[in-house]
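Working through the structure, step by step
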Amino acid sequence: MIVHGILNVSGLLLLLWALNLVQRNRLYVGYGVIFLFFYLGLLMAEVFFPDKIVFSLAFGFVFFLLAYILMQVTLISNRLVAVVQALAINQAKHTVDRDIPVKL
Amino acid sequence: MPSPTRRVLVAIPAHNEQGTIQQVIEKVRGCLPDFDLLVVNDGSRDKTEGILRSLNVTTATHLCNLGYGRAIQTAIKYASKFGYDTVITLDADGQHQPEQIRDVYNDTVASGCDLMIGSRYMKTRQYLGTALGRRIGMRFFSLLVKCATGQRIYDTTSGLKIIQKTVFEPCSYWQFIDYHAEAIVYLLRLGYRIAESPITVAERREGQSMYSFISHFTYPVKTSLLVVIGIVEAALTRHRQSLGAL
């Protein structure tokens, strides 16, 4: 019971931290909502399901969230690469502009 | 035979190559005066950019370091945008000898292949003169390509490549690490023709290799994974093409 209480308070503190990040514009509001629903979902699951299932749900959520974050990082990275490449190509200083036949 | 107006771009990806870049550019200009030259400055932090400016060479500068593969990709995109027929890539560390490029290019034209690799090991068919770890890697990737495509490519990691216009699109679309085994397998599985032409290389004199200690372990895993995914992607692409042709 004490362990459950400590975990619930810890979860609540983490949730408050996430919402604070949203308030300070350090976390997208959509992700704040995900954390909120996850916390409420776990509270409800605690009532109806045994600990093992609650742990599995939490683990699954963390895994999903990690995969999602890495996906977003990859997406941003790909966009950055595309921008840097386009900029490099468009700003390339052309010193040669010719069309000379190739000698073989 | 190529048309007389065939446009060829020699592309040199460079990252912190202040010690060798000038010599490489001067050699390329001397040996290949009829080919255009592009240096992709991949976020160099040393004097490379200043040297390039003083040499008045066409330069595409990455604002940050994107890596070798992305630098090659920039060169291909550049060539595609400005209507080149061929891209020749070579390393900025002075290992490749520009005087050999003409022969490799002529081999490419004569064979009609889509990608020609300047091969260090084609003649001997052995990986002599390289460190043991590198030798194992070379053999592994060569066998991997053989298993995946049925074609033996002896030098999968060569930086000297002649890329024809026919493969510009797949080379800029699909993700490659360094355009090595993963690109070779992907293109071969798509039905493009790849061949090797013998070259010799000099030892790196200055600058640092792009492979760190950690990458000696991560690179084979990443490349092998991309080879497998590339086989699947190539099969799906061919399937989509066949559906589109109906």
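Structure: above.
Definitions and cut-offs
- Residues numbered from 1 in each chain as written.
- Chains lettered and ligands numbered in written order.
- Predicted model: local features only at pLDDT ≥ 70, side-chain atom pairs only at ≥ 80, totals over all residues.
- Helix = DSSP H or I, 4+ residues; strand = E, 2+ residues; numbered from the N terminus.
- Buried ≥ 20, exposed ≤ 12 C-beta atoms within 10 Å, placed from the backbone.
- Rg over C-alpha atoms; globule rule 2.2 N^0.38 Å.
- Contact = placed C-beta atoms within 7 Å.
- Pairing = 2+ DSSP bridges.
- Axes fitted to C-alpha atoms, helices over the stretch in contact; angles between N-to-C directions.
- Right-handed = clockwise from strand over helix to strand, strands pointing away.
- Core = buried A, V, L, I, M, F, W, Y, C linked by C-beta atoms within 7 Å.
- Parallel < 35°, antiparallel > 145°, perpendicular 65-115°, else oblique.
- Left-handed = near helix turned anticlockwise from the far one by under 90°.
- Nonpolar A, V, L, I, M, F, W, Y, C, P; charged D, E, K, R; others polar.
- Arc of directions from axis to C-beta.

A few points about the overall build of chain A
Secondary structure summary: chain A contains three helices and zero strands in total. The helix and strand sequence of chain A, counted from the amino end, reads α-α-α. The proportion of buried residues among the 104 residues of chain A is 9%.

Observations regarding the overall build of chain B
Helices and strands together make up the secondary structure of chain B, namely eight helices and seven strands. Over its C-alpha trace chain B gives a radius of gyration of 17 Å, about what one expects of a compact globule, namely 18 Å for 246 residues. Along the first, second and third principal axes, the C-alpha atoms of chain B reach 55 × 45 × 35 Å. When burial is assessed residue by residue, chain B has 46% of its 246 residues classed as buried. Once local pairs closer than 6 in sequence are excluded, the contacts in chain B between residues at least 24 apart make up 77%.

So, the environment of Asp-42 of chain B
Residue and element names in this part refer to chain B. Note on placement: Asp-42 falls in strand 2 (residues 36–42). Residues Asp-42 and Ile-184, 142 residues apart in the sequence, show an inter-C-alpha distance of 23 Å. Excluding its chain neighbours within four sequence positions, the residues that come into contact with Asp-42 are Pro-13, Ala-14, His-15, His-62, Asn-65, Leu-66 and Ala-71.

Here's the deal with the sheet that holds strand 2 of chain B
Residues and elements named next belong to chain B. Spatially, the seven strands line up as an open sheet ordered 3-2-1-4-6-5-7, and their pairing is mixed. Only two strands of the sheet have a single neighbouring strand rather than two, namely strand 3 (59–62) and strand 7 (194–198). Pairs of neighbouring strands in the sheet enclose a mean axial angle of 20°, with direction left out of account. Both strand 5 (residues 115–119) and strand 6 (residues 161–164) contribute to a ladder of three bridges, which runs antiparallel.

Quick notes on the pairing of strand 1 (residues 8–14) of chain B
All names here are of chain B. Burial runs high along strand 1: seven of the seven residues are buried. What you see with strand 1 is no split at all: Val-8, Val-10, Ile-12 and Ala-14 on one side and Leu-9, Ala-11 and Pro-13 on the other are buried throughout. Bridge count for strand 1 against strand 2 is six bridges, and the pairing is parallel. By the bridge assignment for strand 2, Leu-9 is matched with Asp-36. On the question of chirality, the crossover connecting strand 1 to the parallel strand 2 by way of helix 1 (residues 21–31) is right-handed.

Brief notes about the nonpolar core
A general feature of soluble globular proteins is that nonpolar side chains tend to end up buried together. Counting 70 residues, the largest nonpolar core has Val-10 and Ala-75 of chain B as the members making the most contacts within it. Here Ala-75 of chain B is in contact with Ala-11, Pro-13, Leu-38, Val-40, Val-87 and Thr-89 of chain B, once residues within four sequence places are set aside.

So, the packing of helix 1 (residues 2–23) of chain A against helix 2 (residues 29–48) of chain A
All names here are of chain A. With their axes 9 Å apart at the nearest point, helix 1 and helix 2 run at an angle of 165° to one another. Between helix 1 and helix 2, the angle is such that the two are roughly antiparallel. Here helix 1 runs over helix 2; the crossing is left-handed. Here Gly-11, Leu-15, Ala-18, Leu-19 and Val-22 of helix 1 come into contact with helix 2, specifically with Val-29, Gly-32, Phe-35, Leu-36, Tyr-39 and Leu-42. When its residues are assigned to classes, the contact of helix 1 with helix 2 shows nine nonpolar, two polar and no charged.

Some words on helix 4 (residues 101–111) of chain B
Residues and elements named next belong to chain B. When we look at burial in helix 4, the residues that qualify are Ile-101, Val-104, Tyr-105 and Thr-108. Taken end-on, helix 4 shows its buried residues confined to a sector of 100°, consistent with a single buried face. Looking at the buried side of helix 4, the elements it contacts are helix 1, strand 4 (86–89), strand 5, strand 6 and strand 7. Two residues or fewer past helix 4, Gly-112 is found with a positive phi of approximately 70°.

Comments concerning the pairing of strand 3 of chain B
Residue and element names in this part refer to chain B. A two-sided burial pattern is seen for strand 3, the buried positions comprising Thr-59 and Thr-61 on one face and Ala-60 and His-62 on the other. Where strand 2 lies against strand 3, four bridges are found, and the strand directions are parallel. Residue pairing for strand 3: Val-40 is matched across the bridge by Ala-60.

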